[in-house]
Structure formats: structure tokens, C-alpha cells
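Summary of the model geometry
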Amino acid sequence: MIRNSLFVSTTALILVVFGLANRLDFLAASKKALFVHCGASIVIFAAVLGVNLFAATLAINRKIFLKDTGRKLSHFDNQLHAVGREGLPPFLREGR
């Protein structure tokens, strides 16, 4: 889940950077002065944006893919501790 969120957030960040580079091509003439003067701010902004994108995609992934997990796990735990083990997979029946 973290790997998928990291992939999606990195892809979105790259798309944003390329989109901005395409729209701000008129600044190419003063590129050196811009990076010397504002380079640290640009890097900090990009890092904060990347972390926020990662957090948002992770939250969305957790919300979508982990629906009803607690209920499913409690049901499985009840089956595991039940006296009759006919509903369990074979490798769990032999374990106890």
C-alpha cells in the first residue's frame, strides 16, 4: 500500500513539475538567477508538496482498500477460536 501511494504521489509530482516547466518557459532566460535566489524555497516547496501528496494518496488508499477490515478480522478470529474447525482452511485446522 505504501509502495502504491509512493508511486502515485511521485507520478503526480512529476506531472506537476513538467506542467509548470511547460507553462513557465518564458523564465528560461533568467534560470540561473532564479535558482540562485529562490532555489532553497523551490526545493522546500517541492518537498512539502511531495509529502502532502504522499499523505493524501496513502489516506485515500487506506480508505478505499481497507474497508471493513476490522469486521473481517474479528470474524476470522472468532472462527479460529471456535470449537468446530470445519470452516477453516486445512493448514489452520492442523495447527492446534
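So, here's what we can say about the structure. Please read all numbers here as calculations on a predicted model, not as lab measurements.

Attention shifts here to the overall build of the chain. Across its full length, the chain holds 4 helices and 0 strands. Along the chain, helices (α) and strands (β) appear in the sequence α-α-α-α when read from the amino end. Residue burial in the chain is summarised as follows: out of 96 residues, 9% are buried. Across the chain, the fraction of contacts at a sequence separation of at least 24, relative to all contacts at a separation of at least 6, is 61%. Here the chain has roughly 8100 Å² of accessible surface; of this, 69% comes from carbon and sulfur atoms.

Now for helix α2 (residues 31–65). For α2, with 35 residues, the first-to-last C-alpha span of 43 Å runs short of the 51 Å given by 1.5 Å per residue. At Cys38, α2 shows its largest bend, some 75°. Looking at the buried positions of α2, the neighbouring elements they touch are α1 (2–23).

Attention now moves to the side chain of Asn61. Residue position: Asn61 is located in helix α2. For Asn61, a relative accessible area of 13% corresponds to the buried category. In contact with Asn61, not counting residues within four places along its chain, are Met1, Asn4, Ser5 and Leu66.

A separate point is the packing of α1 against α2. Close contact between α1 and α2 brings their axes to 8 Å; oriented N to C, the two are set at 135°. Considering the angle they form, α1 stands oblique to α2. For α1 against α2, the interelement crossing comes out right-handed. Residues Ile2, Asn4, Ser5, Leu6, Val8, Ser9, Ala12, Leu13 and Val16 of α1 form the contact with α2, whose own contacting residues are Ala46, Leu49, Gly50, Leu53, Phe54, Thr57, Leu58 and Asn61. Broken down by class, the residue content of the contact of α1 with α2 amounts to 11 nonpolar, 6 polar and no charged.

A cluster of nonpolar side chains, namely Met1, Ile60, Ile64, Phe65 and Leu66, defines an oily patch on the protein surface of about 490 Å² accessible area. Accessibility expressed as a relative area gives 38% for Met1, which makes it partly exposed.

Examined against the element boundaries, Thr57 turns out to sit in helix α2. For Thr57, a relative accessible area of 15% gives the class buried. In contact with Thr57, other than residues within four places in its own chain, are Ser5, Val8 and Ser9.

Another aspect to go through is the environment of Val51. In this fold, Val51 is placed in helix α2. In this structure Val51 comes out as exposed when scored by relative accessible area, which is 54%. The sequence separation of Val51 and Leu13 amounts to 38 residues, and the corresponding C-alpha distance is 9.9 Å.

Rules of the game
Residues numbered from 1 in each chain as written. Predicted model: local features only at pLDDT ≥ 70, side-chain atom pairs only at ≥ 80, totals over all residues. Heavy atoms only, no water. Helix = DSSP H or I, 4+ residues; strand = E, 2+ residues; numbered from the N terminus. Buried < 20%, exposed > 50% of the residue type's maximum accessible area, 1.4 Å probe, protein only. Contact = heavy atoms within 4.5 Å. Areas by Shrake-Rupley, 256 points an atom, 1.4 Å probe, with all protein chains shown as cover. Expected span 1.5 Å × (residues − 1). Bend = angle between axes of the 7 residues up to and from the residue. Axes fitted to C-alpha atoms, helices over the stretch in contact; angles between N-to-C directions. Parallel < 35°, antiparallel > 145°, perpendicular 65-115°, else oblique. Left-handed = near helix turned anticlockwise from the far one by under 90°. Nonpolar A, V, L, I, M, F, W, Y, C, P; charged D, E, K, R; others polar. Patch = residues over 30% accessible without salt bridge, like charges linked within 9 Å, V, L, I, M, F, W, Y side chains within 5 Å. Salt bridge = Lys/Arg side-chain N within 4 Å of Asp/Glu carboxyl O.

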